[in-house]
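In case you want the letters, here they are:
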Amino acid sequence: LARGLLALPGMSLPKIILVPTDFGAHSEAAIDHAIDYARVFGAEIVLMHAFEIPIMGFPDGALVATAEHTTRIMEGAQTGLDRQLASRRGSGITLRGVVKQGDAWDMVNETALEVGAGLIVMGTHGRTGLFRALMGSTAEKVVRTANVPVLTVHVANVDPAGDKLDGPRSVRER
């Protein structure tokens, strides 16, 4: 792959790879793929998690999370990110983490610009039908709006809860 990219005039290999994570099996697979690419490219990885503060709307007003609840959400996000970083420390690749508050797809694009990412590698659930129509696809929004190339990684054998089952993975570039 790297040789083919080097042969194209005007292209350079990414030195920073951004990997958004939701801590699930799809994100774990994306991290593994990003590490493989980082080895070939001589790149570092920025692992990023975005979270939103829950707001519940009612006809007479809204219920917003307290400062204590917001702090607990932030601490939980940081703990999850620290775990993923620690699990890859022996990979030989420089990894660092970023936690952001906001819509995931928007935070991915914002972080890519902030860190100077040349590539985004992210997991995709591959949902279709009504669920996708109602919930949207973070990966699809990033693919449509990112200013850098996006590699999506789909884990073929995952149960509906997002836990990886035994079996091969498939990878798609977009």
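Here the structure is shown first, and the text comes after it.
Source: prediction; values computed, not measured. (Residues numbered from 1 in each chain as written. Predicted model: local features only at pLDDT ≥ 70, side-chain atom pairs only at ≥ 80, totals over all residues. Heavy atoms only, no water.)

Observations concerning the overall build of the chain
Phase 1 of the analysis: Each helix and strand counted, the chain has six helices and eight strands in total.
Phase 2 of the analysis: Helices (α) and strands (β) of the chain occur, in sequence order from the N terminus, as α-β-α-β-β-β-α-β-α-β-α-α-β-β.
Phase 3 of the analysis: Residue burial in the chain is summarised as follows: out of 174 residues, 39% are buried.
Phase 4 of the analysis: Residue pairs at least 24 apart in sequence account for 68% of intrachain contacts in the chain once pairs closer than 6 positions are excluded.
Phase 5 of the analysis: Accessible surface, the chain: about 10,000 Å² in total, of which carbon and sulfur atoms supply 54%. (Helix = DSSP H or I, 4+ residues; strand = E, 2+ residues; numbered from the N terminus. Buried < 20%, exposed > 50% of the residue type's maximum accessible area, 1.4 Å probe, protein only. Contact = heavy atoms within 4.5 Å. Areas by Shrake-Rupley, 256 points an atom, 1.4 Å probe, with all protein chains shown as cover.)

Let's talk about the nonpolar core
Phase 1 of the analysis: The biggest cluster of nonpolar side chains holds 27 residues, and the ones touching the most others in it are I17, V19, F41, I45 and V121.
Phase 2 of the analysis: Listing elements by their share of this core, those giving two or more residues are β1 (16–20), α2 (25–41), β2 (44–51), α3 (67–87), β6 (119–124) and β7 (150–154).
Phase 3 of the analysis: Counting residues per element, this core draws most heavily on α2, which supplies eight residues.
Phase 4 of the analysis: One finds V46, M48, A117 and I120 within the second-largest nonpolar core, a separate group that totals 17 residues. (Core = buried A, V, L, I, M, F, W, Y, C linked by side-chain atoms within 4.5 Å.)

Looking at α2
Phase 1 of the analysis: In this model α2 runs 24 Å from its N-terminal to its C-terminal C-alpha over 17 residues, within 8% of the 24 Å that 1.5 Å per residue would give.
Phase 2 of the analysis: Of all 17 residues that make up α2, twelve are buried, and the element is covered over most of its length.
Phase 3 of the analysis: Along α2, the residues that are buried comprise A25, H26, S27, A29, A30, I31, H33, A34, I35, Y37, A38 and F41.
Phase 4 of the analysis: A positive phi of about 70 degrees marks G42, the residue just after α2. (Expected span 1.5 Å × (residues − 1).)

Digging into α3
Phase 1 of the analysis: Taking 1.5 Å per residue, 21 residues should reach 30 Å; α3 reaches 30 Å between its end C-alpha atoms and fits that length.
Phase 2 of the analysis: Listing the buried residues of α3 in full gives A77, G80, L81, Q84 and L85. Around the axis of α3, the buried residues are gathered within 140 degrees of arc, so they sit on the same side. Exposed side of α3, more than 90 degrees from the buried face: A67, E68, R72 and R83 are the residues found there.
Phase 3 of the analysis: Buried-residue contacts for α3 involve α2, β2 and β5 (95–101). (Arc of directions from axis to C-beta.)

Comments concerning the packing of aromatic side chains
Phase 1 of the analysis: For the coordinates displayed, the defined rule picks out one aromatic pair.
Phase 2 of the analysis: Between Y37 and F41, the ring centres sit 5.7 Å apart and the planes meet at 50 degrees, which makes this aromatic pair tilted. Taken together, the residues span about one helical turn, with Y37 and F41 both in helix α2 at a distance of four residues. Taken individually, Y37 and F41 each receive the classification buried, so the pair is uniform in this respect. (Phe/Tyr/Trp six-rings, centres within 6.5 Å; stacked < 30°, edge-to-face > 60°.)

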